[in-house]
Amino acid sequence: MSFADLGLSAPILAAVSEQGYETPSPIQAQAIPAVIAGKDVMAAAQTGTGKTAGFTLPLLERLSKGQLTKSNQVRALILTPTRELAAQVGESVSLYSKGLPLRSSVVFGGVKINPQIARLKHGCDILVATPGRLLDLYQQGAVRFNHLEILVLDEADRMLDMGFIHDIRKILAVLPAKRQNLMFSATFSDEIRKLAKGIAHQPVEVSVAPANSTAQTVKQWISPVDKNRKSALLSHLIKSESWHQVLVFTRTKHGANKLTKVLEKNGISAAAIHGNKSQGARTKALAAFKSGEISTLVATDIAARGLDIDQLPQVVNFELPNVPEDYVHRIGRTGRAGASGQAVSLVSADETKQLNDIERLIQNKLERHTVAGFEPTNDLGSSSPSRPQKPRRSRPQGEHKDGQRSGENARGHKPAGKNRRHADKASGEGKPASRDKLSANHSSSGNTSRQSENKPKRSFSANKQTSPWGNR
Ligand SMILES: Nc1ncnc2c1ncn2[C@@H]1O[C@H](COP(=O)(O)OP(=O)(O)OP(=O)(O)O)[C@@H](O)[C@H]1O
């Protein structure tokens, strides 16, 4: 199977080959023809298996056949839960649409709105957005959806959970009823799956692995440890194992700041990224991490979804997430595109319940390795992954993960224009990061990227045993 067999035209095939992709991943092989055929698609596939190209390539194929955009209008809307992810997806859209006469743009909160309004004036064929800022732009008349053809919910389960559903409903209400709906994620709870089906029209369900499964390329283990020894253990591991690039997840923003300070005190170069940081600080931290300027990025779940950090070798859960699906997404920042990676969770006795929930969700008992000198005084107890899965705990209504409120709540239900400062924060997590390049106000049609230069061929066959790309 090659990309040419999937019904993509020459300019798109050229862009794909410039990226070094030789073979479509299983999710791409299944989703691309269905999207090109105009069907609604709900797609589930493990983290790092190329879902972005799975919806972007056929979307471009369809748009390239129709009429180009008109002023303030959008033909395809891609919604993402974080600003960083919006930027990254925007970058992919630019790369893949290089040879096409299509305009694309990215909008998210936390940066000035006026340049975004100016860019939208001429309309865009593809708009990548976070929900809060999109609503503000809509309410200010900067963007119109009369000609919208395609809606994509990237990280669909996250977009449809309690924190985002109000904004999504408002957006859906202003879109034409007749449109193509695409929803992609690595995880779908039954509850969210039902909700998604209500939005899509007889969707084709594409799934290439058991529901909610982790990428096979990630070696996972847990280290039982007492809560008050976690930062010492993390510092010890980073130094003794010579981890040069580690993404560490904490449960709270305060916890991320505190841990960053401890690591720095222990001589480890670290920065924190979370929703209370300015967009500038977020962008800087992620860029410094990607370039190797700092070895450790301490993040809340703001960084759990979708971020594609090239060859990231190591993820650490300093604390386990409350929602078990978030574990799957967090550890999926490593072991992407067939590369191997390692994910370690530091688990204290008070987290036994979260651990049980995670092991049930992924149907796998995680290996325990106690590090010498860090033996816990309190036992973890044992879990049984095979018991039936409990209903998923939803996040509190109106709360985005990472303490962010929905656009509506953040604006205190006032029209956006009257409370712009808050509205800017609304979609919360917002600012971009592409794989190698961060661009705060990325807007483009056919821009260039360092990624495309001298791209090595990326093939699935090299790692057939473990790679999700090669398991067909
Ligand atoms: N056909 C392909 N061949 C080789 N590499 C690919 C191919 N398609 C995508 N990639 C690369 O694989 C990586 C992961 O892709 P992507 O970010 O789309 O994963 P994803 O499935 O959306 O993951 P997540 O669930 O974490 O969002 C990217 O670096 C992308 O460039």
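Residues numbered from 1 in each chain as written. Predicted model: local features only at pLDDT ≥ 70, side-chain atom pairs only at ≥ 80, totals over all residues. Heavy atoms only, no water.

Trainee: Mind laying out the pattern of salt bridges, listing which residues take part and the relevant values?
Mentor: Evaluation of the coordinates by the stated rule reveals 18 salt bridges. Its salt-bridge partner being Arg 158, residue Asp 161 comes within 3.1 Å of it at the nearest N-O pair. In this structure, Asp 161 and Arg 158 share a single accessibility class: buried. Between Asp 301 and Arg 330 there is a salt bridge; the shortest N-O distance is 2.8 Å. Placement of the pair is Asp 301 in the loop between strand E11 (296-299) and strand E12 (314-317) and Arg 330 in helix H13 (residues 324-331), with a sequence separation of 29 residues. You'll find Asp 301 and Arg 330 in the same group, each marked buried. Taken together, the shared-partner salt bridges in this structure form one network comprising Arg 75, Asp 125 and Glu 149. (Salt bridge = Lys/Arg side-chain N within 4 Å of Asp/Glu carboxyl O. Buried < 20%, exposed > 50% of the residue type's maximum accessible area, 1.4 Å probe, protein only. Helix = DSSP H or I, 4+ residues; strand = E, 2+ residues; numbered from the N terminus.)

Trainee: Give me the UniProt feature "short sequence motif: Q motif" (unreviewed entry) in the chain: which residues, what numbers.
Mentor: According to UniProt, the "short sequence motif: Q motif" (unreviewed entry) feature falls on residues 1-29. Counted over residues 1-29, helix gives 45% and strand 0%. Its end C-alpha atoms are 8 Å apart. (UniProt positions renumbered as here; feature names shortened; annotations may be inferred.)

Trainee: An account of helix H3 (residues 51-65) is needed here, citing residue identities and associated values.
Mentor: Between its first and last C-alpha atoms H3 spans 22 Å; for 15 residues at 1.5 Å apiece the expected length is 21 Å, and the two agree. Of all 15 residues making up H3, 11 are buried, and the element is well covered by its neighbours. All of the buried residues in H3 are Lys 51, Ala 53, Gly 54, Phe 55, Thr 56, Leu 57, Pro 58, Leu 59, Leu 60, Glu 61 and Leu 63. (Expected span 1.5 Å × (residues − 1).)

Trainee: Explain unusual backbone geometry residue by residue, including any values.
Mentor: Phi is positive for Ser 242, which is not a glycine, with a value near 50 degrees. Along the chain, Ser 242 turns up in the loop between helix H10 (230-240) and strand E9 (246-249). Backbone geometry places Gln 311, a non-glycine residue, at a positive phi of 60 degrees. Within the fold, Gln 311 resides in the loop between E11 and E12. We classify Gln 311 as exposed; its relative accessible area is 58%.

Trainee: Explain the site of the ligand to me, and be specific about the residues and the numbers.
Mentor: Taken together, 22 residues lie around the ligand, and Tyr 21, Lys 51, Thr 52, Asp 308 and Arg 336 are the ones closest in. At 3.2 Å from an oxygen atom of the ligand is found a main-chain nitrogen or oxygen belonging to Gly 50. Measuring from an oxygen atom of the ligand, one finds a side-chain N or O atom of Arg 336 at 2.7 Å. For the ligand, whose accessible area on its own is 650 Å², the fraction buried by protein is 96%. Across the shell around the ligand, the residue classes break down as five nonpolar, 10 polar and seven charged. Domain assignment of the residues forming the shell around the ligand places at least three in each of domain 1 (3-207) and domain 2 (213-368). (Near = heavy atom within 4 Å. Polar contact = N/O pair within 3.5 Å; in protein donor to acceptor, adjacent residues only side chain to side chain. Areas by Shrake-Rupley, 256 points an atom, 1.4 Å probe, with all protein chains shown as cover. Nonpolar A, V, L, I, M, F, W, Y, C, P; charged D, E, K, R; others polar. Domains from an automatic or database assignment.)

Trainee: Any details on the UniProt feature "domain: Helicase C-terminal" (unreviewed entry) in the chain? Residues and values, ideally.
Mentor: As recorded in UniProt, the sites labelled "domain: Helicase C-terminal" (unreviewed entry) are residues 217-377. Along residues 217-377 one finds 35% helix and 20% strand; the C-alpha atoms at either end are 32 Å apart.

Trainee: How would you explain the packing of aromatic side chains if you had to name every residue and give the values?
Mentor: Summed over the entire model, instances satisfying the criterion amount to four aromatic pairs. Residues Tyr 138 and Phe 145 carry aromatic rings whose centres are separated by 5.8 Å and whose planes lie at 15 degrees to one another, so their mutual orientation is stacked. Classification of Tyr 138 by relative accessible area gives partly exposed; the value is 24%. On the accessibility criterion, Phe 145 (3% relative accessible area) is buried. Members of the aromatic cluster, connected to one another through ring pairs, are Phe 3, Tyr 21 and Tyr 96. Positioned over the ring face of Phe 318 is Lys 230, at 5.8 Å from the centre of the ring. (Phe/Tyr/Trp six-rings, centres within 6.5 Å; stacked < 30°, edge-to-face > 60°. Lys NZ or Arg CZ within 6 Å of the ring centre and 35° of its normal.)

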